[in-house]
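Breakdown of the fold
The primary structure of each chain is shown beneath.
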Amino acid sequence: MHQQLNIGLFGFGVVGEGLYKVLQQTPSLKAEIKKVCIKNPGKKRNAPESLFTTNKDELLNDPTINVIVEVIDDADAAFEIVSTALRNGKQVVSASKKMIAEHLPALLELQNTTGQSLLYEAAACASIPVIRNLEEYYDNDLLHSIKAIVNGSTNFILTKIFEEGLDFKQALLLAQQAGFAESNPKLDVEGYDAVNKWTFLLTHAYGITSGPNEILFNGIQNIHATDATVASGKKQEIKLVAQAQKLLNGKVAAFVLPQFIKQEDHLAFVKNEYNGVVIESGFSDKQFFYGKGAGSFPTASAVLSDISALRYGYKYEYKKLYHHQPHSLSQDIFLRVYISFDDIALVPKEEFEWIEEWHANEDRKYLVGVIAFSKLKNSNWWKENNNSLILTPDPVIEETETRKLKKRSLELAGIG
Ligand code: HSE
């Protein structure tokens, strides 16, 4: 028998209001919002005034509320709310990616000790059911790689700039007006939001529980118009791509960086605020998931699906973490990268294993070369001084392969 869900909702912004409307259109769910806790009582809201309070205890201590839905954008306050709710015996649905990424070990512990369910499908790729798929469907050891666009705002901005000719400021403003961007858009543009999402997707995919600062990442802030010209000359596009790949040593390489994508790649099809996930597994080869990754109703739809899942007691089992040997992250790879720059003196050429292309006569100079992952992870020169680093398609080179390639390139140069 499905239980009646009485919801205490935290937040009535783009997602919270979306959920309110979506719930009104799905009476069959037997879920009702009893109270909404907001920060700013002065704001005009499209819902009866009696629904709102600024006192969080009215929700957290109400014994008739059995589900807390938390869709606020203050990660510290969100953690406080979610922890208290779980401790108070309530089930929780959250969309706070930053909070989940930064507090995952504590949230795992809280789920274990309280036995309550915490679901957060809306926190990554909004409308695409990626977490439940990674958790349930790929409950085996065959996930070779995942390559994804997980941030709608940056994908929207890149589409608007490179396909519709808008400038960066106009494109960002449109993303903000549509409710896609974070209230601090730096989180989107500089890659923080994407790496936060990648952190817990790696937990569901591979049992990895490393924090966001252990993953190599950057956003789209350094990309130049000339980089896009190079891309289109090669029939490629530039996307902000989150990638994880299982290595021969059994570990996983993971990063979130701008990447050149071939036009025939599934991810090239992903435009505007859409997200896409390409999963490569042992027997099925490639599978492509596609859907809206930001915005009011697409995000609310994932929250709604989590609420619905609570009716039959669904919980994440974290199967890759608890029922399999969890994977760990590896830095033992090399990356084939493109870097455009103004001044070669600010690019440490000696850090590269070898350089394959060198274009010194263009207005904006660039090179393509192979560099150890650890050298990028432990430095910042490639994010600074107007340098723009973009991965080439299929950028991962494993160590054994590198030795062979390096030997061959030295032999060709007559020094091997
Ligand atoms: N700012 C986020 C994005 C919202 O653009 O993807 C959805 O998580």
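These notes cover the structure that comes with them. It should be emphasised that the depicted structure is a prediction, and the values quoted were computed from it without experimental measurement.

**Topic: the site of the ligand**
Neighbouring the ligand are the residues K97, N151, G152, S153, F180, A181, E182, D188, D193, K197, G293 and A294. K97 is positioned with one of its side-chain polar atoms (N or O) 2.6 Å from an oxygen atom of the ligand. Protein burial of the ligand: of its 250 Å² of free accessible surface, 93% is covered by the chains. Put simply, the parts of the chain that give the shell around the ligand at least two residues each are α6 (152–164) and α9 (192–206). Grouping the amino acids of the shell around the ligand by side-chain chemistry returns 3 nonpolar, 4 polar and 5 charged.

**Comments concerning the sheet that holds strand β1 (residues 5–10)**
An order of β3-β2-β1-β4-β5-β6 is seen for the 6 strands of this open sheet, with the pairing classed as parallel. Each edge of the open sheet carries a strand with a single partner, namely β3 (52–53) and β6 (118–119). Here 2 bridges tie strand β2 (residues 31–37) to β3, and the two strands are oriented parallel to one another. Across the sheet, the residue bridging to C37 is T53, located in β3. Of the strands in this sheet, β1, β2, β4 (67–70), β5 (91–94) and β6 are in contact with helix α11 (residues 296–310), which crosses β5 at around 165 degrees.

**Points about the environment of G13**
Mapping G13 onto the fold places it in the loop between β1 and α1 (14–24). Residue class for G13 comes out partly exposed when judged on its relative accessible area of 38%. A C-alpha to C-alpha distance of 53 Å links G13 and K406, two positions 393 residues apart in sequence.

**Quick word on the pattern of salt bridges**
Enumeration over the complete set of coordinates arrives at 18 salt bridges. Two residues, K98 and E102, come together in a salt bridge whose shortest N-O distance is 3.3 Å. On the criterion of helical spacing, the pair formed by K98 and E102 is a turn pair, its members being 4 residues apart in helix α4 (residues 97–114). K98 sits in the partly exposed class, given a relative accessible area of 31%. Judged by its relative accessible area of 38%, E102 falls in the partly exposed class. Of the charged contacts, one joins K271 and E163 as a salt bridge, the two residues approaching to 2.7 Å between their closest N and O atoms. Taken together, the positions of K271 in the loop between β10 (252–262) and β11 (274–281) and E163 in helix α6 put the pair 108 residues apart, joining distant regions of the chain. Of the residues examined, K271 reaches a relative accessible area of 23% and is grouped as partly exposed. Judged by relative accessible area, which is 46%, E163 ranks as partly exposed. Linked through salt bridges whose partners overlap, the residues forming this network are K97, E182, D193 and K197.

Cut-offs applied
- Residues numbered from 1 in each chain as written.
- Predicted model: local features only at pLDDT ≥ 70, side-chain atom pairs only at ≥ 80, totals over all residues.
- Heavy atoms only, no water.
- Near = heavy atom within 4 Å.
- Polar contact = N/O pair within 3.5 Å; in protein donor to acceptor, adjacent residues only side chain to side chain.
- Areas by Shrake-Rupley, 256 points an atom, 1.4 Å probe, with all protein chains shown as cover.
- Helix = DSSP H or I, 4+ residues; strand = E, 2+ residues; numbered from the N terminus.
- Nonpolar A, V, L, I, M, F, W, Y, C, P; charged D, E, K, R; others polar.
- Pairing = 2+ DSSP bridges.
- Contact = heavy atoms within 4.5 Å.
- Axes fitted to C-alpha atoms, helices over the stretch in contact; angles between N-to-C directions.
- Buried < 20%, exposed > 50% of the residue type's maximum accessible area, 1.4 Å probe, protein only.
- Salt bridge = Lys/Arg side-chain N within 4 Å of Asp/Glu carboxyl O.

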